[in-house]
Structures are given as structure tokens and as C-alpha cells.
Amino acid sequence: MKRKERLSESAYIQGVLSGDRVVLSRAITLVESTLPADQELAEAVVSGILSHTGNSIRIGITGVPGVGKSTFIETFGKIVVDKGLKLAVLAIDPSSQKTGGSILGDKTRMETLAADKRAYIRPSPTGSTLGGVSARTREAMLLCEAAGFDVIFIETVGVGQSEIAVRGMVDFFLLLMLAGAGDELQGIKKGIIEICDALVINKADGDNLPMAKRAQREYANALHLFPIRESGWLPKVKICSAVEKTGLVEIWEMISEYRDLTKANGFYDANRAEQRGNWMHEHIGYLLKNQFYQDSLIQEKLKKNLPAVKSGALSAIAIAKELVELFMEGKAKK
Ligand code: GDP
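Residues numbered from 1 in each chain as written. Predicted model: local features only at pLDDT ≥ 70, side-chain atom pairs only at ≥ 80, totals over all residues. Heavy atoms only, no water.

**Focus on the overall build of the protein**
For the protein, the helix and strand inventory stands at 14 helices and seven strands. The buried share of the protein, taken over its 334 residues, is 45%. Sequence-distant contacts, at least 24 apart, represent 76% of the contacts inside the protein between residues at least 6 apart. (Helix = DSSP H or I, 4+ residues; strand = E, 2+ residues; numbered from the N terminus. Buried < 20%, exposed > 50% of the residue type's maximum accessible area, 1.4 Å probe, protein only. Contact = heavy atoms within 4.5 Å.)

As C-alpha cells, then:
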């Protein structure tokens, strides 16, 4: 990848802080870059805006493809902006790493919201590793906050590892579901339910409405069996129709209720503090790993030993240990 023309550190910072969307987009592109020179600049820019972050409510939205995420974000987002709040939507699409294409890249998604000046939509940075995805997404989120957005949606597809990563950077986590599709079909694991603050059954309209209501009761009963959360919040089950625009105001009210409760009991701030601590630990891991794999001696040794590790002739853990020790020795000598 060729290094694109970059702005100066202060131009990025000033531009983002003044809410300039063009500069914001360019700053997000900068944090997505894997070039070492860009990463250095990105780090300086993110550090420069950090004291202006933290003022939005961060909401994770997930659910399998077809559940209605983009339709929901479009209509629910409209409710948010109509309240006079500025909304940024970051969408993480892990599929684009594998296929080069993107199921979220589809231009017709969220057309109305995309055209709305009060909203900003950005397919989130993808990276080659999950750690990369979460680091880049967090930085993009912080840039949006510094640019003055009041509400951030982080959308993920599918229910798996990236949801856990997103849980680690948001205040409220919402799982969109369908009634009657069966948990397995929806890829719902018990672990995901445990990290959700709300289950929202979408497409509660037409013939589907009675089934949605029944599913709501069933899930609500099931949730009672989970232990009380540290947040003091009992996860709620809601029904809505993103198409008919019903049940959406109630969802916003629920999120507001969550914020009021957790701000009052201290969980909101404690959670954010915990997240910042984890961010540092994640970043340490990320930096160490990067340095390790960029080390030419390590690269050479890896190349030599990998086939034997794969065939089982050499022990994976023994080689891993040897390589790490070699790396540390090399560092100590420098
Ligand atoms: P995504 O893949 O999760 O982003 O789902 P989409 O938003 O693209 O929606 C998938 C399909 O479900 C589309 O055909 C939508 O029109 C439809 N859909 C989304 N929300 C609703 C809803 O509330 N009710 C009904 N009946 N259909 C919906």
C-alpha cells in the first residue's frame, strides 16, 4: 500500500475537534493504516484528542445477517437524531478480510441515515487480526467522540469473537433477534446472552407479531435465571419492527434508563475505567506481537521451523518458547 498524502498532526487534531467530517474520515483512514509511519502519526493524533473523548453513549448492536440490523439502525438512528443528538455509526464487517468484498459495503445500506447531516456512517476499519479490528474500532470511536458525536453505534455481524471485543468498548450491548428462528440458527451462544443488556426481537409485525410476543415472554423468563449483573441491570427483552417503526422509542428509553441507573450506581464510570485499563493491556500485547513478527531473525526461524511444527515433528509449545526467548535475548543485546 502506498502512503497517501497525510495532514500534519495538528491539522488532524484541530480538524477532528472542530467536527470537520472530511478530516474525521481521513483521521480514521490514518488509524486504519498498517504503515509504521502512519501508526506513529495516528498514535499522536489519538493521544491529542483523548481528553475530548468520553462524552457519548456507546452502543453495540449485533445480530446475524438478515435479522434487520441495517433497517433497524436506519430507523432507530432517525429517532436518535430527531432528539437533536448527533449519531456516528461504525460497522465492523469481518467478512471483508477474507473475501476482499464486504457485505456491509453495500451502498444501499442505511441510505436515508447516510444522507442525514446529523449522522455519520463509516464501515469500520478491518484488520488482519481481531486485535487489530478492536484497536482500530476503538480509535475510530474516540475520534468520532472528539468530533462531537453524542451517540455511537458499533455494529457487528454474526455472533462471535468480534462481539466480545465490542462489548469491551461499549456501554450498552444490544442483540437483535428473530422470533422462532431457533437459537442455533441465530448463532446465539449462552455467552453472548450473558454479555447483552437487551435482547430485541425484530420483525415483530404482521403475522409475526404473536410469535414475537411469545418469544419475548420466553426470553424474559430465561433471563431471570442468569445471575444479577455487576451493573445492577436486569437485561430486558423488547420487541420492535424496524420496518413499521414500532417499539423503537421504547428501546431508546430503555437505553436512557440503563444510563441513568448505571451512572447513579457508579457502574457506568467503573466500567469505562476498566475498559481503559484493558485497552492498555490489549495495546501492550499488540505492540509486542508486532515487534516480534517484524524481527528478521524471528521471521527466518519461523519460516524454518513452521513446517516441522505443522507436521508434528517439532513441538509447537517448545518452538514458541524458543522463539520468544530468542527475541528477548536479541532485545537485551540491543
Ligand atoms: P441485516 O443483514 O441484519 O443488516 O438485515 P437488513 O436490515 O438488510 O434486513 C434484512 C431483510 O429483513 C430486509 O429484506 C428487510 O427489509 C427485512 N426487515 C428488516 N427489518 C424488518 C422488520 O422489522 N420487519 C419486517 N417484516 N422485515 C424487516
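From this point, the narrative continues.
**Re the site of the ligand**
Near the ligand lie 15 residues; those nearest to it are Gly 66, Lys 69, Thr 71, Asp 205 and Ala 242. Between the ligand and the protein, one listed contact pairs an oxygen atom with a backbone N or O atom of Gly 68 at 3.0 Å. Taking Lys 69, its main chain carries an N or O atom lying 2.8 Å from an oxygen atom of the ligand. Within the complex, the protein chains bury 66% of what would otherwise be the 580 Å² of accessible surface of the ligand. Considering every element that reaches the shell around the ligand, the biggest residue donor is helix α4 (residues 69-82), with three residues. Partitioning the shell around the ligand into residue classes produces five nonpolar, six polar and four charged. (Near = heavy atom within 4 Å. Polar contact = N/O pair within 3.5 Å; in protein donor to acceptor, adjacent residues only side chain to side chain. Areas by Shrake-Rupley, 256 points an atom, 1.4 Å probe, with all protein chains shown as cover. Nonpolar A, V, L, I, M, F, W, Y, C, P; charged D, E, K, R; others polar.)

**Re a negative patch on the surface**
A cluster of acidic side chains, namely Glu 250, Glu 253, Glu 257 and Asp 260, defines a negative patch on the protein surface. As for its position among the elements, Glu 257 is in helix α11 (residues 248-265). With relative accessibility at 42%, the residue Glu 257 sits in the partly exposed group. (Patch = residues over 30% accessible without salt bridge, like charges linked within 9 Å, V, L, I, M, F, W, Y side chains within 5 Å. Salt bridge = Lys/Arg side-chain N within 4 Å of Asp/Glu carboxyl O. Lys, Arg positive; Asp, Glu negative; His and termini not counted. Charge placed at Lys NZ, Arg CZ, Asp CG, Glu CD.)

**Observations regarding helix α3 (residues 36-49)**
Here α3 contains 14 residues, and its C-alpha end-to-end distance of 20 Å stays within 8% of the 20 Å for a straight helix at 1.5 Å per residue. Residues of α3 that are buried: Asp 38, Leu 41, Ala 42, Val 45, Val 46 and Ile 49. Viewed end-on, α3 has its buried residues packed into an arc of 135°, placing them on one side of the element. The exposed residues of α3 that point more than 90 degrees off its buried face are Pro 36, Glu 40 and Ser 47. (Expected span 1.5 Å × (residues − 1). Arc of directions from axis to C-beta.)

**Quick notes on the side chain of Thr 75**
Tracing the sequence through the fold places Thr 75 in helix α4. Judged by its relative accessible area of 12%, Thr 75 is buried. Residues in contact with Thr 75, not counting those within four places in the same chain, are Ala 242, Lys 245 and Leu 248.

**A word on the pairing of strand β7 (residues 236-239)**
Taking every second residue as pointing to the same face, the buried face of β7 carries Val 237 and Ile 239, while none of Lys 236 and Lys 238 on the other face is buried. The handedness of the strand β6 (residues 198-202) to β7 crossover, carried by helix α10 (residues 209-223), is right-handed. (Right-handed = clockwise from strand over helix to strand, strands pointing away.)

**So, the packing of α4 against α11**
Where α4 contacts α11, the axes come no closer than 10 Å and their chain directions differ by 65°. In terms of their interaxial angle, α4 and α11 are classed as roughly perpendicular. α4 and α11 meet at a crossing whose hand is right-handed. Contact residues: α4 offers Phe 72, Thr 75, Phe 76, Ile 79 and Val 80, while α11 offers Leu 248, Val 249, Ile 251, Trp 252 and Ile 255. Its residues assigned to classes, the contact of α4 with α11 comprises nine nonpolar, one polar and no charged. (Axes fitted to C-alpha atoms, helices over the stretch in contact; angles between N-to-C directions. Parallel < 35°, antiparallel > 145°, perpendicular 65-115°, else oblique. Left-handed = near helix turned anticlockwise from the far one by under 90°.)

**Examining the sheet that holds β7**
In space, the seven strands of this open sheet follow the order β3-β2-β4-β1-β5-β6-β7, with parallel pairing throughout. The open sheet has two edge strands with one neighbour each: β3 (119-123) and β7. This sheet shows a mean twist of 20° between the axes of neighbouring strands, independent of strand direction. The pairing of strand β2 (residues 87-92) with strand β4 (residues 151-157) spans six bridges and is classified as parallel. Note that in β4 the partner of Ala 88 across the bridge is Ile 152. α10 rests against β5 (172-178), β6 and β7 of the sheet, and its axis sits at about 175° to β7. (Pairing = 2+ DSSP bridges.)

**So, the nonpolar core**
Side chains of nonpolar character tend, in soluble globular proteins, to be buried together. Residues Leu 143, Cys 144 and Leu 199 are the most contacted members of the largest nonpolar core, which totals 49 residues. Both of domain 1 (1-52) and domain 2 (54-265) provide at least three residues apiece to this core. Setting aside residues up to four positions removed in sequence, Leu 143 forms contacts with Val 16, Leu 24, Ala 27, Ile 28, Val 31, Val 45 and Ile 49. Within the second largest apolar cluster, 34 residues are counted, among which are Val 67, Val 151, Met 254 and Tyr 258. (Core = buried A, V, L, I, M, F, W, Y, C linked by side-chain atoms within 4.5 Å. Domains from an automatic or database assignment.)

**Points about the packing of aromatic side chains**
One pass over the full model with this rule turns up nine aromatic pairs. Ring centres of Phe 292 and Tyr 293 lie 5.0 Å apart, and the angle between their planes is 90°; on these two criteria the pair is classed as edge-to-face. Under the relative-accessibility criterion, Phe 292 is labelled buried at 12%. Ring geometry for Phe 292 and Phe 327: centres 5.4 Å apart, planes at 75°, overall edge-to-face. A residue pair is termed long-range when its members are at least 10 positions apart, and Phe 292 in helix α12 (residues 267-294) and Phe 327 in helix α14 (residues 316-333) qualify at 35 residues. Through pairs of rings, three or more aromatic residues link up here, namely Phe 72, Phe 76, Phe 153 and Trp 252. (Phe/Tyr/Trp six-rings, centres within 6.5 Å; stacked < 30°, edge-to-face > 60°.)

Interpretation in functional terms is not warranted from these geometric data alone.
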